[in-house]
Amino acid sequence: MRRRTISAVLVFGLAAAMSAPAQAADARGGTAVYPTTIRLPNGFQPEGIAIGPGPIAYVGSMADGSVYRADLRTGAGAVLGRGPGTQALGLKTDASGRVFVAGGAGGDARVLDARTGRVLATYRLATGPSFVNDVILTQGAAWFTDSTNPVLYKLPLDGGRLPSAAVRVPLTGDLVYQGGPDSPGSEGFNANGITPTPDGRGLLVVQSNTGGLFRVEPSGKTRRVNLHGESLPEGDGLLLQGRTLYAVQNRLNTVAVVRLDAAGTDGRVVRRVTDARLALPTTVAAFGSRLYLPNIQFFATGPTPGVSYNAVAIPRP
């Protein structure tokens, strides 16, 4: 079965390969047909998703912080690690077999063993109201957004080693937080999804409540990306592949496709895609020629224990 490697540009000028087989999941290519729906436990309330190494997906639960591991080849899976009763939002995996977990309203971050689910480290990122929403890994650090507080949290990964504590990096410049922790609905959600810039020297962050996209320097200084009159309202998870940015617009049940310049300071929305199976998708990960998106469907059903949840695969635009 043929496989190819998808290379991800890593931020701050340090590039490394994060690979996944490319053709095995491509039903259009006449090879093995992987399922296009990954069923999750009832009441799971999925939010974050990470894939790899290989055809393995990890999905975080907004209900209790559990992480579910699924085989994309079969759709079968099981809970990898039970949560602490708080939340598991954005997820990222690394080549060392670790899962980095954003803790949402718990104000924390966790690192799990991807094989056993054992908690390798826990970090208290905020003590007051917070919403630690998403995470991106670079060769030198893990970076977490906070939708309530204008700050990024950095876990320096010197030689891949986990640090004893996180570093707060205040956000300055063009990204100005709106509302507050008591704002209803998405009005209180500011910085959300995070991903590298194409040149690997900065980060991109989407502000959910304004639809703005921003380049963030290592210092925390932000600059609005010129989208030529477009915006990304309800922007949630981000995924960069080459110079193509995939931005989930959750309540719109849409993925925006943005072509960026190398610096990530200029971009154009070239298309938006949707699918009848999308029901408030939150984040996005890629495997082969597909994008995988978990459906949280809060506004359709409410977060009740008996509701069934899933993640769906769509062709990568």
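Since the model is a prediction, treat every value here as computed from it, not as a measurement.

Novice: Kindly report on the overall build of the chain, identifying the contributing residues and their values.
Specialist: The helix and strand tally for the chain stands at one helix and 25 strands. For the chain, the proportion of its 317 residues judged to be buried stands at 57%. Restricting to contacts in the chain with at least 6 residues of sequence separation, those with at least 24 account for 48%.

Novice: Got a sec to walk through the pattern of salt bridges? Specific residues and values, please.
Specialist: Under the defined criterion, the tally for this structure stands at eight salt bridges. Across the pair R98 and D94 runs a salt bridge, and its minimum N-O distance is 2.9 Å. Each member of the pair, R98 as well as D94, carries the same accessibility label: buried. Put simply, R161 and D158 hold a salt bridge, and the shortest N to O gap is 3.2 Å.

Novice: Please set out the sheet that holds strand β20 (residues 244-249) residue by residue, giving values where relevant.
Specialist: Ordered in space as β19-β20-β21-β22, the four strands form an open sheet in which the pairing is antiparallel. A single partner strand is all that each edge strand has here, and the edge strands are β19 (235-241) and β22 (267-273). Within this sheet the neighbouring strands show an average axis-to-axis angle of 25 degrees, counted without direction. As judged from the six bridges shared by β20 and strand β21 (residues 254-260), these two strands associate in the antiparallel manner. Bridge pairing links L245 to V258 in β21.

Novice: How would you explain the packing of aromatic side chains if you had to name every residue and give the values?
Specialist: Going through the model one piece at a time under the given rule, you end up with three aromatic pairs. On the basis of an interplanar angle of 70 degrees and a centroid distance of 6.0 Å, the ring pair of F44 and Y68 is categorised as edge-to-face. Here F44 is found in the loop between β1 (37-40) and β2 (46-51), whereas its partner Y68 is found in strand β4 (residues 67-71), with 24 residues between them in sequence. Where F131 meets F189, the ring centres are 5.0 Å apart and the plane angle is 90 degrees; that geometry is what we call edge-to-face.

Novice: Describe the sheet that holds strand β24 (residues 290-295), and please don't skip the residues or the numbers.
Specialist: Sheet architecture is open: four strands sit in the order β1-β25-β24-β23, paired in antiparallel fashion. Looking at strand neighbours, the two that pair on one side only are β1 and β23 (285-287), the edges of this open sheet. Along the sheet, successive strands turn relative to each other by an average axial angle of 25 degrees, direction set aside. For β1 and strand β25 (residues 309-315), the ladder comprises four bridges, and the chain directions are antiparallel. Along β25, the bridge assignment pairs T37 with V312.

Novice: How would you sum up the pairing of strand β16 (residues 203-207)? Please name residues and give values.
Specialist: In terms of residue burial, β16 counts as a mostly covered element, since five of its five residues are buried. Residues L203, V205 and Q207 line one face of β16 and the alternating positions L204 and V206 line the opposite face, and both faces are buried. Here strand β15 (residues 191-196) runs beside β16; their pairing, made up of four bridges, is antiparallel. Directly across from A191, in β16, lies its bridge partner Q207. The turn linking β15 back onto β16 is made up of six residues, and G200 within it adopts a positive phi angle of 75 degrees. Where β16 and strand β17 (residues 212-216) come together, five bridges link them in antiparallel fashion. Residue L204 lies in a different strand from β17, and its bridge partner there is R215. Between β16 and β17, which follow one another and run antiparallel, lie four residues, and G211 among them has a positive phi close to 80 degrees.

Novice: Go over the confidence of the model for the chain, please, and point to the residues and values.
Specialist: With 85% of its residues at a pLDDT of 70 or more, the chain shows a mean pLDDT of 88. Note that residues 1-31 has pLDDT below 50 and, in this model, 77 contacts with residues that lie over four places away or in other chains.

Novice: A description of the nonpolar core should follow, citing residues and the corresponding values.
Specialist: Core analysis: the largest hydrophobic core is formed by 22 residues, its most contacted members being F100, Y123, L125, V132, A142, F144 and Y153. The contacts of Y153, once residues within four sequence positions are left out, are L125, A126, V132, A142, W143, F144, D146, V167 and R168.

Novice: Describe in detail the environment of N190, supporting the description with residues and values.
Specialist: Assignment of secondary structure puts N190 in the loop between β14 (172-173) and β15. In sequence terms N190 and T148 are 42 residues apart; their C-alpha atoms lie 6.5 Å from each other. Setting aside residues up to four positions removed in sequence, N190 forms contacts with S147, V176, Y177, Q178, V206, Q207, S208 and N209. Within the structure, N190 has its side chain in polar contact with the side chain of Q207 (distance 2.9 Å).

Novice: How would you summarise the environment of V255 if you had to cite specific residues and measurements?
Specialist: Take V255: it is sitting in strand β21. What makes V255 buried here is its relative accessible area of 0%. Here the alpha-carbon distance between V255 and L238, two residues 17 residues apart in the chain, equals 9.5 Å. Filtering out sequence-adjacent residues up to four positions away, V255 remains in contact with Y246, A247, R271, R272, V273, L291, L293 and I314.

The rules behind each value
Residues numbered from 1 in each chain as written. Predicted model: local features only at pLDDT ≥ 70, side-chain atom pairs only at ≥ 80, totals over all residues. Heavy atoms only, no water. Helix = DSSP H or I, 4+ residues; strand = E, 2+ residues; numbered from the N terminus. Buried < 20%, exposed > 50% of the residue type's maximum accessible area, 1.4 Å probe, protein only. Contact = heavy atoms within 4.5 Å. Salt bridge = Lys/Arg side-chain N within 4 Å of Asp/Glu carboxyl O. Pairing = 2+ DSSP bridges. Axes fitted to C-alpha atoms, helices over the stretch in contact; angles between N-to-C directions. Phe/Tyr/Trp six-rings, centres within 6.5 Å; stacked < 30°, edge-to-face > 60°. pLDDT = per-residue confidence, 0-100. Core = buried A, V, L, I, M, F, W, Y, C linked by side-chain atoms within 4.5 Å. Polar contact = N/O pair within 3.5 Å; in protein donor to acceptor, adjacent residues only side chain to side chain.

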